[in-house]
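Below, each chain spelled out in residue letters.
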Amino acid sequence: MTASPDLAAPLRIPAQPLEGSPELLRSVFRRHAAGVAVITAQGSGPVGFTATSLNSVAADPPMISFGVGTGSSSWPVLAEAEHIGVHILAEDQQELAATFARSGADRFAPPTRWRTGPEGVPVLDGVLAWLVCRVVARVPAGDHRIVLGQVVAGDPAGHGRPLLYHQGRFNALRD
């Protein structure tokens, strides 16, 4: 069964495609709603950043991936870390997401609540779910690296609904 076209919608004639560029990529992905996660690691101190590039890669063995810029203040620690933390944020954690996205912020100072978790990884309190992963690869991708991690521990028992990022802002799901 196929859906019938919406006859009330105006007919959209595709424009000429734009040449590939960073601006085109950003413009297209502003239209893509993404879940919001915070990635953490332990170096001489805890580091972390907000990510919308988190993906489930495989179920067996359980693996995830995310992208991180090599210019990020967290990259030097992530480049060497054996384990990382992955935290899925709830819709009421916009301020936490903004803190971990803000350059120069003391991300682990109050009001951020965290503890040392499995493998010495910083684990944020009050999130929807978290994982600790063993880093198995760092794949070069332009000015970023794609980090692959194998899940070693976690907790899916948080409550609430996920925080989303869309059109350059944090958002919540609507029914």
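A quick note: this is a predicted structure, and the numbers were derived from the prediction, not measured. (Residues numbered from 1 in each chain as written. Predicted model: local features only at pLDDT ≥ 70, side-chain atom pairs only at ≥ 80, totals over all residues. Heavy atoms only, no water.)

Draft legend 1. How the structure looks around the pairing of strand β5 (residues 62–69). By the criterion of burial, β5 is predominantly enclosed, with seven of the eight residues buried. Bridge count between strand β4 (residues 55–59) and β5: four bridges; the pairing is antiparallel. Paired with Asn55 across the two strands is Ser65, which belongs to β5. The hairpin turn running from β4 into β5, its antiparallel successor, is two residues long. (Buried < 20%, exposed > 50% of the residue type's maximum accessible area, 1.4 Å probe, protein only. Helix = DSSP H or I, 4+ residues; strand = E, 2+ residues; numbered from the N terminus. Pairing = 2+ DSSP bridges.)

Draft legend 2. The arrangement of the nonpolar core in detail. Counting residues in each nonpolar core, the largest one holds 17 residues, and the members touching the most others are Ile39, Ala41, Phe49, Phe66, Val68, Leu78 and Ile84. Once residues lying within four places of it in the same chain are set aside, the contact partners of Ile84 are Ile39, Thr40, Ala41, Ile64, Phe66, Leu78, Val121, Leu131, Val132, Cys133 and Val135. Judged by nonpolar contacts, the second largest core, of 14 residues, contains Val36, Leu89, Ala97 and Leu163. (Core = buried A, V, L, I, M, F, W, Y, C linked by side-chain atoms within 4.5 Å. Contact = heavy atoms within 4.5 Å.)

Draft legend 3. Looking closely at the side chain of Gln93. With respect to the element layout, Gln93 can be found in the loop between β6 (83–88) and α3 (94–101). Side-chain polar atoms of Gln93 contact the backbone nitrogen of Ala90, separated by 2.7 Å. The contact partners of Gln93, leaving out residues within four places of it in the chain, are Ile88, Asp125, Gly126, Val127, Leu128 and Leu163. (Polar contact = N/O pair within 3.5 Å; in protein donor to acceptor, adjacent residues only side chain to side chain.)

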